[in-house]
Amino acid sequence: MTGELSPIDKAKFVAAKRASDFVEDGMRVGLGTGSTAAWLVRCLGERVRDNGLKIRGVPTSTRTAELAREVGIEVISLDEARWLDLTIDGADEFDADLALIKGGGGALLQEKIVATASDQMIVIADAAKEVEHLGAFPLPIEVIPFGWQTTQALVEETLVSMDVMGRQATLRMNGEAPFVTDEGNHILDLHLGRIGNARQLAMVMNQIPGVVENGLFIDICDKVVIGFGDGRVETR
Ligand code: 5RP
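Quick caveat, the model's predicted, so the values are computed rather than measured. For every chain, the first residue of the written sequence is number 1, and numbering continues from 1 along that sequence. This being a predicted model, a pLDDT of at least 70 is required before a residue's local features are given, and a value of 80 or more before pairs of side-chain atoms are given or counted; all residues contribute to the totals for chains, interfaces and linings.

(A) Region of the structure containing the sheet that holds strand β14 (residues 216–217). Strands qualify as paired when DSSP identifies two bridges or more between them. Put simply, DSSP H or I for four residues or longer makes a helix, DSSP E for two residues or longer makes a strand, and each gets a number counted from the N terminus. Here three strands make up an open sheet; going across it, the order is β5-β6-β14 and the pairing antiparallel. The open sheet terminates on both sides in strands that have one partner only, identified here as β5 (93–94) and β14.

In structure tokens form, the structure reads like this:
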């Protein structure tokens, strides 16, 4: 499954592999999105195939759904599952309080809904994702396409009064066209530099009309499994 991996891919793989040990027979599992989460899905697929592990997976994107089916995991919708035992997902940044920035892959909305509907959320990440202060990674904000430029202006105006360094909100592109999420929305990436009060920022952003959800995950993650390029793994 792995072949010869670069240090970064090895770090992602070992974190995913270790986290997959938390998945037990009969569980309903939220399956994250991104390159680290893809390793997790492959690891679980291997256990399904080789060890007869019986789980039902709720994917957080069409990409993850396709991969999960490909590796033999039974896929169900969140409405079928209603509540999940565990969600395992990647992150773009995490801090000492296990607050996260997510959405680099554009799946933050489904990811947040699924993680919130889980007894436990475990983040899998390479060590480079650990930060002292969130915000160096652009914060994704999912907005509806209608009037997105007005929403962008409102977001930037709101940032002026917040405890953040930057205030630029750029529309995420996919080549020449705006990026479109699985829910048919766009993403504004906020270039903040450093977020002082993440909890307040998350609440204020979600109050702006046109904003669907933001990529700050606060009090959602229970555990982080960190992989290193030399194959070491640390769990916090
Ligand atoms: C997707 C996400 C991903 O979990 C995040 O971007 C990390 O991705 P990767 O594992 O590829 O570094 O939030 O919306």
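Moving on, there is more to tell.
(B) Expanded view of the pairing of strand β1 (residues 28–31). Exposed residues have 12 or fewer other C-beta atoms within 10 Å of their own C-beta, buried residues have 20 or more, and partly exposed residues fall in between, where C-beta atoms are placed from the backbone. Residues of β1 alternate between two faces, with Arg28 and Gly30 on one and Val29 and Leu31 on the opposite face, all of them buried. For β1 and strand β2 (residues 56–59), the ladder comprises four bridges, and the chain directions are parallel. Looking across to β2, one finds that leucine 31 is bridged to proline 59. Of the strand pairs in this sheet, β1 and strand β4 (residues 84–89) are connected by three bridges, and their pairing is parallel. Residue pairing in the sheet places leucine 31 in a bridge with isoleucine 88 of β4.

(C) Representation of the packing of helix α1 (residues 7–20) against helix α2 (residues 35–51). Packing of α1 against α2 brings their axes to within 8 Å, and their N-to-C directions diverge by 45°. Taken together, the axes of α1 and α2 are oblique relative to one another. Pair α1 / α2 crosses with right-handed handedness. Side by side, α1 and α2 meet where Lys12, Phe13, Ala15, Ala16, Lys17, Ala19 and Ser20 of the first sit next to Ser35, Thr36, Trp39, Leu40, Cys43, Leu44 and Arg47 of the second. All axes are obtained by fitting lines to C-alpha atoms, using only the stretch in contact for helices, and the reported angles, taken between N-to-C directions, cover 0 to 180 degrees. In this scheme, roughly parallel covers angles under 35 degrees and roughly antiparallel covers those over 145, while 65 to 115 is roughly perpendicular and the rest are oblique. Crossing chirality is assigned from the near helix's rotation relative to the far helix, an anticlockwise turn below a right angle marking it left-handed and a clockwise turn marking it right-handed. A residue pair is marked as a contact if its C-beta atoms, positioned from the backbone, fall within 7 Å.

(D) Spatial organisation of the environment of leucine 67. By the secondary structure assignment, leucine 67 is in helix α3 (residues 62–70). If near-sequence neighbours (up to four positions away) are discounted, leucine 67 is found in contact with Ala38 and Val41.

(E) View of α2. For α2, spanning 17 residues, the distance from its first C-alpha to its last is 24 Å, which sits close to the expected 24 Å at 1.5 Å a residue. The set of residues buried in α2 consists of Thr36, Ala37, Ala38, Trp39, Leu40, Val41, Arg42, Cys43, Leu44 and Gly45. Along its buried surface, α2 packs onto α1, β1, α3, β4 and β7 (118–126). Take the residue count of a helix, subtract one, and multiply by 1.5 Å to get its expected span.

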